[in-house]
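# Descriptive structure summary
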Amino acid sequence: MPSSSTAAKNKSGAAAHNTSALPSTLGELAASPFSAERIAHRSVKDELRENLIARLRSQRTSSAPLFPGIVGYEDTVVPQIVNAVLSQHNFILLGLRGQAKSRILRALTTLLDEQMPYIAGCEIRDNPYKPLCMRCRRLVAQQGDATPIAWLGRSDRYIEKLATPDVTVADLIGDIDPIKAARGGEDLASELTMHYGLLPRANRSIFAINELPDLAGKIQVALFNIMQEGDVQIKGYPVRLELDVALVFSANPEDYTARGKIVTPLKDRIGSEIRTHYPETLAEGIAITQQEAWTARSNGAGKLDGLEVQIPQYIREIIEQVAFIAREDKKVDKRSGVSQRLPISTMELVISNAERRALLQGESVVVPRVGDLYTALPGITGKIELEYEGEMRGADTVVRDIIRTAVGRTFDGYFAEMNTQQIEQWFNLGGTVKIGDDQPAADSLEELKQIQGLFEKLSPLKVTAKDDPEIAVSAAEFLLEGMYAHKRLSRSEERGFGAAEKLKAQRPERTDQFNREREPEMEDWSSKNRSRKGFN
């Protein structure tokens with residue numbers, strides 16, 4: 001099997017070969033399928049629409065998604081994007097953080113042609129049959145059919161700008177370059193002295209602005225002509241560039257009042273406003289996390305340094321439940337949202353702690369446990385914003401409560417009808433067990449086998465005491481953690497499990513009652529002892 005570097009070289013070599021086989025002059029281009037009839041008056045929005053129509057027709061015989069890697073939007077967001085592209089609209093995606101807005105915008109490049117011809121050396125990728133800039137018009141007039149042609153891949157036709165308050169008109173539109181004027185001996189009013197900004201350089205491409213409300217109002221105003229008239233002006237000079245650009249934006253709805261807002265005239269010129277959302281089902285969330293989280297950690301053969309990673313399904317469900325419950329929790333700020341990056345980073349941290357444990361104990365299988373979630377607190381607390389009540393309780397306390405609730409909810413999905421009284425009785429009689437990272441899984445398994453009826457109750461997980469120790473211990477700990485979540489057991493910070501707190505509280509009361517009942521006998525015994533001492 002060839003290495004990844006070899007495959008990359010082969011791929012780049014094939015791409016170079018394909019590009020070299022394409023027309024290299026204007027004359028050759030006119031005689032090719034890329035004739036003037038096809039691309040002279042074909043805008044980028046026409047291109048997006050045509051390729052989308054072809055993709056939709058092919059879906060009748062293919063199950064391939066329109067936008068690979070986008071999960072959970074098939075019946076909600078994707079149809080609205082399709083309608084916007086078919087309508088040739090500029091559109092904006094509104095949604096909270098971690099809702100794949102940027103990924104969707106980048107996926108639009110799959111609707112572009114594989115290669116696009118332009119006049120070689122042109123800063124704004126001019127159409128060979130309809131050049132805009134003075135430099136290209138002169139070049140075509142001088143060289144005619146010998147005008148050199150270059151090619152641009154679809155991935156290079158996506159220009160993205162993160163909106164920040166310090167963005168200027170010169171950054172987006174352009175400015176006069178005195179150095180260029182001096183070197184070329186041109187007048188400052190000449191078009192040849194212009195230094196083009198990002199927007200002109202996105203000609204015949206997709207131009208995306210992320211977090212649009214962060215853009216200063218006067219900069220938003222500068223976008224008016226582009227969206228309505230399709231032209232720009234630089235430094236007040238009458239330079240008319242009828243740019244061909246598909247404009248797309250993203251924004252957080254709360255940004256309208258938090259950091260800035262989209263000015264009304266600009267919002268009016270945006271054709272479609274599409275709202276994104278978080279995963280609506282646990283299965284969708286698990287699919288996203290499984291797709292995005294770095295869990296393989298292999299060297300290509302499925303193992304890394306002899307370690308094999310096995311993630312139980314209940315661990316995936318608990319991690320995803322943490323995000324779902326956090327979005328429902330009153331102590332978490334709903335306006336800020338709980339990013340889908342939370343379960344992704346949590347999953348990676350959970351696996352890393354299990355990996356660390358396996359390396360320290362010399363084990364060959366990496367199996368995450370419920371206890372590993374508590375080591376992932378740094379990856380959770382930084383991704384949630386708390387309300388006043390949550391701030392008063394503290395982020396760690398709030399997150400621990402969320403994890404406990406997530407474990408309890410997942411536990412009910414597997415053991416709702418399970419009778420755990422036999423296990424509770426073992427602990428009520430004084431039994432205790434500790435499951436920590438400081439002992440091998442085999443030792444923990446032997447300790448867990450002492451609990452009567454424990455492994456018989458793991459049948460919903462299809463795990464027995466005969467399975468690998470790492471798998472068996474993880475499943476057993478999940479059962480005990482679920483019982484703790486429902487207050488059937490107690491657990492210390494050192495991960496020691498014992499009888500429920502209510503039973504612990506009853507024992508001192510019984511002791512006090514026993515002492516009260518024996519008080520007369522104790523007094524009688526004391527008096528006898530005092531009298532005996534008197535005779536000595």
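Please read all numbers here as calculations on a predicted model, not as lab measurements. (Residues numbered from 1 in each chain as written. Predicted model: local features only at pLDDT ≥ 70, side-chain atom pairs only at ≥ 80, totals over all residues. Heavy atoms only, no water.)

The next thing to look at is the overall build of the chain. Across its full length, the chain carries 25 helices and 14 strands. When each of the 536 residues of the chain is scored for burial, the buried share is 47%. (Helix = DSSP H or I, 4+ residues; strand = E, 2+ residues; numbered from the N terminus. Buried < 20%, exposed > 50% of the residue type's maximum accessible area, 1.4 Å probe, protein only.)

It is worth spelling out the pairing of strand β8 (residues 245–251) at this point. Consecutive residues of a regular strand have side chains that alternate between opposite faces of the sheet. With seven of its seven residues buried, β8 lies for the most part within the structure. Here β8 shows two buried faces, one formed by Val245, Leu247, Phe249 and Ala251 and the other by Ala246, Val248 and Ser250. The sheet contact formed by strand β7 (residues 205–210) and β8 spans five bridges and is parallel. Residue pairing in the sheet places isoleucine 206 in a bridge with alanine 246 of β8. (Pairing = 2+ DSSP bridges.)

Looking now at the nonpolar core. Proteins that are soluble and globular tend to have nonpolar side chains buried together. Ranked by size, the top nonpolar core spans 58 residues in total, and within it Ile403, Phe427, Leu448, Ile451, Leu454, Leu458 and Leu480 carry the most contacts. Broken down by element, the residue count for this core peaks at nine residues, all from helix α24 (residues 469–485). Leaving out residues up to four positions away in the same chain, leucine 454 has contacts with Ile423, Leu448, Ala476, Leu479 and Leu480. Listed in part, the 37 residues of the second largest apolar core include Leu94, Leu132, Ile159 and Phe249. (Core = buried A, V, L, I, M, F, W, Y, C linked by side-chain atoms within 4.5 Å. Contact = heavy atoms within 4.5 Å.)

The parallel open sheet is built from five strands, whose spatial order is β4-β7-β8-β1-β9. Each having just a single partner strand, β4 (158–162) and β9 (272–275) make up the two edges of the open sheet. The sheet shows a mean angle of 20 degrees between the axes of neighbouring strands, taken without regard to direction. In terms of strand pairing, β4 meets β7 through five bridges, oriented parallel. (Axes fitted to C-alpha atoms, helices over the stretch in contact; angles between N-to-C directions.)

This next bit is on unusual backbone geometry. With glycine set apart, most residues show a phi of negative sign, and most peptide bonds adopt trans. One non-glycine residue, lysine 462, adopts positive backbone phi at about 55 degrees. Mapping lysine 462 onto the fold places it in the loop between α23 (441–448) and α24. Residue class for lysine 462 comes out exposed when judged on its relative accessible area of 77%. One non-glycine residue, lysine 487, lies in positive phi territory at about 65 degrees. When you line up the elements, lysine 487 lands in the loop between α24 and β13 (489–491). What makes lysine 487 exposed here is its relative accessible area of 61%.

Attention now moves to the side chain of aspartate 333. Take aspartate 333: it is sitting in the loop between α16 (313–328) and α17 (341–361). We classify aspartate 333 as buried; its relative accessible area is 13%. Excluding residues within four positions of it along the chain, aspartate 333 makes contact with Glu385, Leu386 and Glu387.

Looking now at the packing of α16 against α17. Running from N to C, α16 and α17 cross one another at 140 degrees; their axes reach a closest spacing of 9 Å. Put simply, α16 runs oblique to α17. The hand of the α16/α17 crossing is right-handed. Of the residues in α17, those in contact with Arg316, Ile319, Glu320, Val322 and Ala323 of α16 are Leu342, Pro343, Thr346, Met347 and Val350. Partitioning the contact of α16 with α17 into residue classes produces seven nonpolar, one polar and two charged. (Parallel < 35°, antiparallel > 145°, perpendicular 65-115°, else oblique. Left-handed = near helix turned anticlockwise from the far one by under 90°. Nonpolar A, V, L, I, M, F, W, Y, C, P; charged D, E, K, R; others polar.)

The next subject is the pairing of β7. Judged by how many residues are buried, β7 sits mostly within the fold: six of six residues are covered. Going residue by residue along β7, you find Ser205, Phe207 and Ile209 tucked away on one face and Ile206, Ala208 and Asn210 tucked away on the opposite face as well.

Where strands meet in a sheet, backbone hydrogen bonds hold them as pairs that are either parallel or antiparallel. Read across the sheet, three strands follow the order β12-β14-β13 without closing on themselves; strand pairing throughout is antiparallel. Sheet topology places β12 (433–434) and β13 at the edges, where each strand pairs with a single neighbour. Those strands touched by helix α22 (residues 421–428) are β12, β13 and β14 (496–499), and its axis lies near 95 degrees from that of β14.

Low-confidence regions, as indicated by low pLDDT, have predicted coordinates that should not be scrutinised in detail. Overall, the prediction assigns the chain a mean pLDDT of 85, with 82% of residues at 70 or greater. In this model residues 528–536 is a low-confidence stretch, pLDDT under 50, and it forms zero contacts with partners more than four residues away in sequence or in other chains. (pLDDT = per-residue confidence, 0-100.)

In this section: the pattern of salt bridges. For the structure on display, the rule yields 21 salt bridges. Note that glutamate 481 and arginine 491 form a salt bridge whose closest N and O atoms lie 3.0 Å from each other. Highlighted residues: glutamate 481 in helix α24 and arginine 491 in strand β13, separated in sequence by ten residues. The same class applies to glutamate 481 as to arginine 491, namely buried. A single network of salt bridges, built from pairs that share partners, joins Arg38, Arg42, Glu50 and Asp113. (Salt bridge = Lys/Arg side-chain N within 4 Å of Asp/Glu carboxyl O.)

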